[in-house]
Amino acid sequence: MIRQILLVTLATGAAGFTAPVSTTLSARCGAHAPLPAFDSDNHDELRTIESSFDPLNLSSDHESTSNNNNGRAAAIAAAAMAMSHPLSASAAGPDWGIFEGRTGSLLHPVAMASMALFSLSTALLGFQWRRQRTMGDEISALKRTMPKLNGASSIEEALAVAQGEEEVDAGYVSSLRAALPIEAQVAELTRERKELASAGPRDKHFNQGSLLLFTGIAFAIEGPLNTYARAGKLFPGPHLYAGAGLVVLWALAASMVPAMQKGNDAARTVHIGANLAGMGLFVWQITSGIPILFKVIEFTKWP
C-alpha cells in the first residue's frame, strides 16, 4: 500500500514539472493581448514572427526544461522498476542465526536459573558479613555481665584464686561460677568470629553482588531481545513484570552501598529488604517462566 502511494506521488510530481506547450506559447506571445485577424496568406509570416521573437531567450530554457523533465521521467521509471520487486528484508526480519534458534533461546532461562542459586549464595555471604560485624557488640555485651577477674586471665583461674584464700568470699565465688557459661559463650562467639574473618565474607559478598548486578541486568535485557528476534514482538505478562521489578530492586540495593559503608543502619535495612523482595520476585519469575520454557522448546529447533 505504501509502495503504491509513493508511485502515485512520484508520477504526479513528474506531471507537475511538464508545462503545456499551449501555455508556454501564450506566455511568450502575451496571454492577454488579442491576436490580429489573419488569413491563410500571412500564416507563414506569423509563424516566422513567432519563431524569431524571443527577447528573453526562452526557447533555450524550454529545451533545457524538457531535457530535465526527460531525466526525471527516466529516474522515476527506474525507481518504479526497483520498487516493483520487494526485498526479502521488508517481509521478514534479519536472520539472527543461532541467537534465534533453540540455543540462544535457552541461554536466558539457564542463565537466570543459575543466577537464582548465585543470589542465594550472595545473600548467605551477606548475612555472614552482617553476623561478623555485629558479633563484636554481642561479645562486648556478654563481657559486661561477667564479674571482675582481679587480674586473672579466665573465670576458672579467678575461681581457683578465690577459693584458695583464707577467707573465702562466698558471693564472689558464686558469681564466678554463674559466669562460667557466659565465658564459654564468649569463647564460642570469638572463635566463630575469627573463622568468619578468615573466610572473608565481606569482600566475597561485594564481588558476587557486583557480578550478579551486571549479569542479571545483561540477561534481563537479553531475554526480551531474544523473544523479539524469534516472534517479532514482546508478550507483556507476569514473567516480564517480575523481571523488570527485579532489576529495579537490584539497582536499589546497590545504591545503598555507599551509605552502608558509612555506617548508616537505615541504608542497611533498605539493602536487605530490597534483596529479600528481589528473591521473592525471582521465585515468581521462575514459576511464570516455566510455561514459556516449554513453548520455547516446542517451537524452536537446534541450534
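None of these values were measured; they are calculated from a predicted model.

Undergrad: How should I be thinking about the overall build of the protein in this particular structure?
TA: From N to C terminus, the protein includes 13 helices and zero strands. Ordered by position from the N terminus, the helices and strands of the protein form the series α-α-α-α-α-α-α-α-α-α-α-α-α. Counting across all 303 residues of the protein, residues that qualify as buried make up 22%. Accessible area for the protein stands at about 20,500 Å²; split by element, carbon and sulfur atoms hold 65% of it.

Undergrad: Just to check I follow, could you spell out unusual backbone geometry for this structure?
TA: Of all residues except glycine, most have a negative phi; of all peptide bonds, most are trans. Located in the positive-phi region is Asn 150, a residue other than glycine, with phi close to 55°. Relative to the elements of secondary structure, Asn 150 occurs in the loop between α6 (102-144) and α7 (155-164).

Undergrad: I would appreciate a short explanation of the environment of Ala 199 in the present structure.
TA: Along the chain, the position of Ala 199 falls in helix α9 (residues 180-199). The exposure class assigned to Ala 199 is partly exposed, which follows from its relative accessible area of 39%. For the pair Ala 199 and Leu 125, spaced 74 residues apart in the sequence, the C-alpha separation amounts to 9.9 Å.

Undergrad: Help me understand α6, please; the structure alone is not making it clear to me.
TA: For an α-helix, 3.6 residues make a turn, and residues three or four places apart therefore share a direction. The end-to-end C-alpha distance of α6 is 64 Å, a good match for the 63 Å that 43 residues give at a rise of 1.5 Å each. Along α6, the largest kink reaches about 35° and is centred on Thr 134.

Undergrad: Explanation requested: the nonpolar core in the structure shown.
TA: Taken as a class, soluble globular proteins show a tendency for nonpolar side chains to be buried jointly. Ile 155, Ala 158, Ala 162, Tyr 172, Leu 176, Val 186 and Leu 189 are the most contacted members of the largest nonpolar core, which has 16 residues in total. Breaking this core down by element, the ones donating at least two residues are α6, α7, α8 (170-178) and α9. With four residues, α7 is the largest single contributor of residues to this core. If sequence neighbours within four positions are ignored, Ala 158 has contacts with Leu 149, Ala 152, Tyr 172 and Leu 176. Core analysis: the second largest hydrophobic core is formed by twelve residues, Ala 111, Leu 212, Leu 246 and Ala 274 among them.

Undergrad: Looking at this model, I keep getting lost on helix α11 (residues 238-255). Mind explaining?
TA: Relative to the 26 Å expected for 18 residues at 1.5 Å per residue, α11 spans 26 Å between its end C-alpha atoms, a close match to the ideal helical length. Turning to α11, its buried residues are Ala 242, Gly 243, Leu 246, Leu 249, Trp 250 and Ala 253. The buried residues of α11 occupy an angular sector of 125° when projected down its axis, which confines them to one face. What points out from α11, more than 90 degrees from its buried face, is the exposed set Tyr 241 and Val 248. Elements that come into contact with the buried residues of α11 comprise α10 (201-231), α12 (257-261) and α13 (265-299).

Undergrad: Would you mind showing me how to read a negative patch on the surface here?
TA: Taken together, the side chains of Glu 165, Glu 166, Glu 167 and Asp 169 make up a negatively charged region of the molecular surface. Topologically, Glu 166 is positioned in the loop between α7 and α8. Judged by relative accessible area, Glu 166 falls into the exposed class, the value being 84%.

Undergrad: What is the right way to read the packing of α6 against α10 from this model?
TA: Relative orientation and spacing of two packed helices are given, respectively, by the angle between their axes and the distance between those axes. Packing of α6 against α10 leaves a shortest axis separation of 8 Å and a crossing angle of 160°. One element, α6, and the other, α10, form an angle in the roughly antiparallel class. Of the two possible hands of crossing, α6 and α10 adopt the one that is left-handed.

Undergrad: Looking at this structure, how should I read the packing of α10 against α11?
TA: Packing of α10 against α11 leaves a shortest axis separation of 10 Å and a crossing angle of 155°. Relative to α11, α10 is oriented roughly antiparallel. In terms of crossing hand, the pair formed by α10 and α11 is left-handed. Together, Leu 212, Leu 213, Gly 216, Ile 217, Ala 220 and Pro 224 of α10 and Leu 240, Val 247, Trp 250, Ala 251 and Ala 254 of α11 make up the contact between the two elements. Taken together, the residues of the contact of α10 with α11 break down into ten nonpolar, one polar and no charged.

Undergrad: What am I meant to see in the pattern of salt bridges here?
TA: Side chains bearing opposite charge may pair, as long as their charged atoms lie close to each other. Overall, the coordinates contain six salt bridges when judged by the stated rule. The closest approach of N and O atoms between Asp 203 and Arg 202, which form a salt bridge, is 3.3 Å. The class for Arg 202 is partly exposed, based on a relative accessible area of 42%. A salt bridge links Arg 268 to Asp 265; its shortest N-O distance comes to 2.8 Å. Taken together, the residues span about one helical turn, with Arg 268 and Asp 265 both in helix α13 at a distance of three residues.

Definitions and limits used
Residues numbered from 1 in each chain as written. Predicted model: local features only at pLDDT ≥ 70, side-chain atom pairs only at ≥ 80, totals over all residues. Heavy atoms only, no water. Helix = DSSP H or I, 4+ residues; strand = E, 2+ residues; numbered from the N terminus. Buried < 20%, exposed > 50% of the residue type's maximum accessible area, 1.4 Å probe, protein only. Areas by Shrake-Rupley, 256 points an atom, 1.4 Å probe, with all protein chains shown as cover. Expected span 1.5 Å × (residues − 1). Bend = angle between axes of the 7 residues up to and from the residue. Core = buried A, V, L, I, M, F, W, Y, C linked by side-chain atoms within 4.5 Å. Contact = heavy atoms within 4.5 Å. Arc of directions from axis to C-beta. Patch = residues over 30% accessible without salt bridge, like charges linked within 9 Å, V, L, I, M, F, W, Y side chains within 5 Å. Salt bridge = Lys/Arg side-chain N within 4 Å of Asp/Glu carboxyl O. Lys, Arg positive; Asp, Glu negative; His and termini not counted. Charge placed at Lys NZ, Arg CZ, Asp CG, Glu CD. Axes fitted to C-alpha atoms, helices over the stretch in contact; angles between N-to-C directions. Parallel < 35°, antiparallel > 145°, perpendicular 65-115°, else oblique. Left-handed = near helix turned anticlockwise from the far one by under 90°. Nonpolar A, V, L, I, M, F, W, Y, C, P; charged D, E, K, R; others polar.

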